[in-house]
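Analysis of the macromolecular model
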Amino acid sequence: MQWPDRVWIIGCGNMGGAILQAWLDRGLPANRVTVIDPRPSHLPAGVVARADAPDGMIPDLLLLAVKPQMFDAVTSMLAGTVGARTDLVSIMAGIEASDLRSAFPDAGSIIRLMPNMAVSIGKSPMIFFSNDADAALRSRMTGLFQSLGSPEWLDDEQQMHIATALSGSGPAFVFRFIDSLARSATRLGMDEAQAARLALSMVEGAALLAVQSDDPPGLLADRVASPGGGTREGLNVLDADGRLDALLYEVLEAATDRYRILAAEAKS
């Protein structure tokens, strides 16, 4: 792996910290990393921490891992520190590539990235968009981030809102589903702790089966369900009047609409 000589990470909270640790585990020398965060915590040994950007230096890779509400403050702090050799990667939801280009006109390339917290186990979808995405940039970004999950490049930036709702927010929806399954089993009479363990174990195994199978999940569901059996009865409840599809459409629509609003607010 050809690591950049100078890596700056702006904000090292849960997501930024997970990405940093994954890179270090893969071989990025810690002395090439500068974390710029006024309140960093639990940084790996050898990583430089600062409250502001170093003077007279230009990073090769700049990762913006702060909340979108901090965009203006970050832009002011980094004024004059981004150059033509800088790959700027932003994981700020709702901050579009044009906003980033306006704020950092001298950057060599602008890349939007949407991971989720599964980066900590190398299982996050890594959703990319860039107006600068030639073959060389795609190869470089894929090489940097592929150990954290599966790279997916979007051709239309507006799909980033949908992708963020699906893959960025999606773990929260899955966690809620697991919790609801366990609580329903408890209501039916199972011990609460045992129901929670069974729900987690079941979802882990089912997800692995779905990933490893050549068949789509919908077909796998039908194969599990024998005619007249208990699984089919349960699926009949989920499928009645398209209720599950309707519910999840509403869930993703609400999240997508919120990300669109955040993008509009960032522009204003």
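Residues numbered from 1 in each chain as written. Predicted model: local features only at pLDDT ≥ 70, side-chain atom pairs only at ≥ 80, totals over all residues. Heavy atoms only, no water.

Next up on the list: the overall build of the chain. The number of helices and strands found in the chain is ten helices and eight strands. Each principal axis of the C-alpha atoms in the chain carries an extent, and together these give about 70 × 40 × 35 Å. Among the 268 residues that make up the chain, the fraction classed as buried is 38%. Sequence separation of 24 or more characterises 60% of the internal contacts of the chain that already satisfy a separation of 6 or more. (Helix = DSSP H or I, 4+ residues; strand = E, 2+ residues; numbered from the N terminus. Buried < 20%, exposed > 50% of the residue type's maximum accessible area, 1.4 Å probe, protein only. Contact = heavy atoms within 4.5 Å.)

A few words on the sheet that holds strand E2 (residues 33-36). The strand order across the open sheet formed by eight strands is E3-E2-E1-E4-E5-E6-E7-E8, and the pairing between neighbours is mixed. Every interior strand has two partners, whereas the edge strands, strand E3 (48-50) and strand E8 (149-153), have only one. Across the sheet, the axes of successive neighbouring strands diverge by a mean angle of 20°, strand direction being ignored. Seen against the sheet, helix H5 (residues 159-168) touches strand E6 (109-114) and strand E7 (124-129) and runs at an angle of roughly 170° to E7. (Pairing = 2+ DSSP bridges. Axes fitted to C-alpha atoms, helices over the stretch in contact; angles between N-to-C directions.)

Quick look at the pairing of E6 now. In terms of burial, E6 is largely enclosed, as six of its six residues are buried. Side chains of E6 alternate between two faces, with Ser109, Ile111 and Leu113 and Ile110, Arg112 and Met114 buried alike. Strand direction decides the pairing type here: strand E5 (residues 87-90) and E6, joined by four bridges, are parallel. What sits directly across from serine 90, in E6, is arginine 112. With respect to chirality, the unit in which E5 leads through helix H3 (residues 97-103) into the neighbouring parallel E6 is right-handed. When E6 meets E7, the two strands line up antiparallel, connected through three bridges. Across the sheet, leucine 113 pairs through a bridge with phenylalanine 128, a residue of E7. (Right-handed = clockwise from strand over helix to strand, strands pointing away.)

Here we take up a nonpolar patch on the surface. Taken together, the side chains of Leu238, Leu244, Leu247 and Leu248 define a hydrophobic patch exposed on the protein surface, amounting to about 320 Å² of accessible area. A per-element tally of the nonpolar patch places helix H10 (residues 243-267) first, with three residues. On the secondary structure map, leucine 248 appears in helix H10. A relative accessible area of 44% places leucine 248 in the partly exposed class. (Patch = residues over 30% accessible without salt bridge, like charges linked within 9 Å, V, L, I, M, F, W, Y side chains within 5 Å. Areas by Shrake-Rupley, 256 points an atom, 1.4 Å probe, with all protein chains shown as cover. Salt bridge = Lys/Arg side-chain N within 4 Å of Asp/Glu carboxyl O.)

Applying the stated criterion to the full structure yields eleven salt bridges. Ionic pairing is found between aspartate 52 and arginine 50, a salt bridge with its closest N-O pair at 3.0 Å. Given the relative accessible area of 31%, arginine 50 is considered partly exposed. As a salt-bridge pair, arginine 85 and aspartate 60 come within 2.9 Å of each other at their nearest N and O atoms. Linking arginine 85 in the loop between helix H2 (71-77) and E5 with aspartate 60 in the loop between E3 and strand E4 (61-64), this pair joins segments that are 25 residues apart in sequence. For arginine 85, a relative accessible area of 48% translates into the label partly exposed. For aspartate 60, a relative accessible area of 17% translates into the label buried.

Interhelical geometry of helix H1 (residues 14-26) versus helix H4 (residues 135-145) gives an angle of 90° and a closest axis separation of 10 Å. In this view, H1 runs roughly perpendicular relative to H4, as classed from their interaxial angle. Every residue of H4 that contacts H1 at Ile19, Trp23 and Arg26 is listed here: Gly143, Leu144 and Phe145. (Parallel < 35°, antiparallel > 145°, perpendicular 65-115°, else oblique.)

Attention now moves to unusual backbone geometry. We note that aspartate 241 has phi near 55°; this positive angle belongs to a residue other than glycine. Position of aspartate 241 among the secondary structure elements: in the loop between helix H9 (230-239) and H10. Aspartate 241 sits in the exposed class, given a relative accessible area of 80%.

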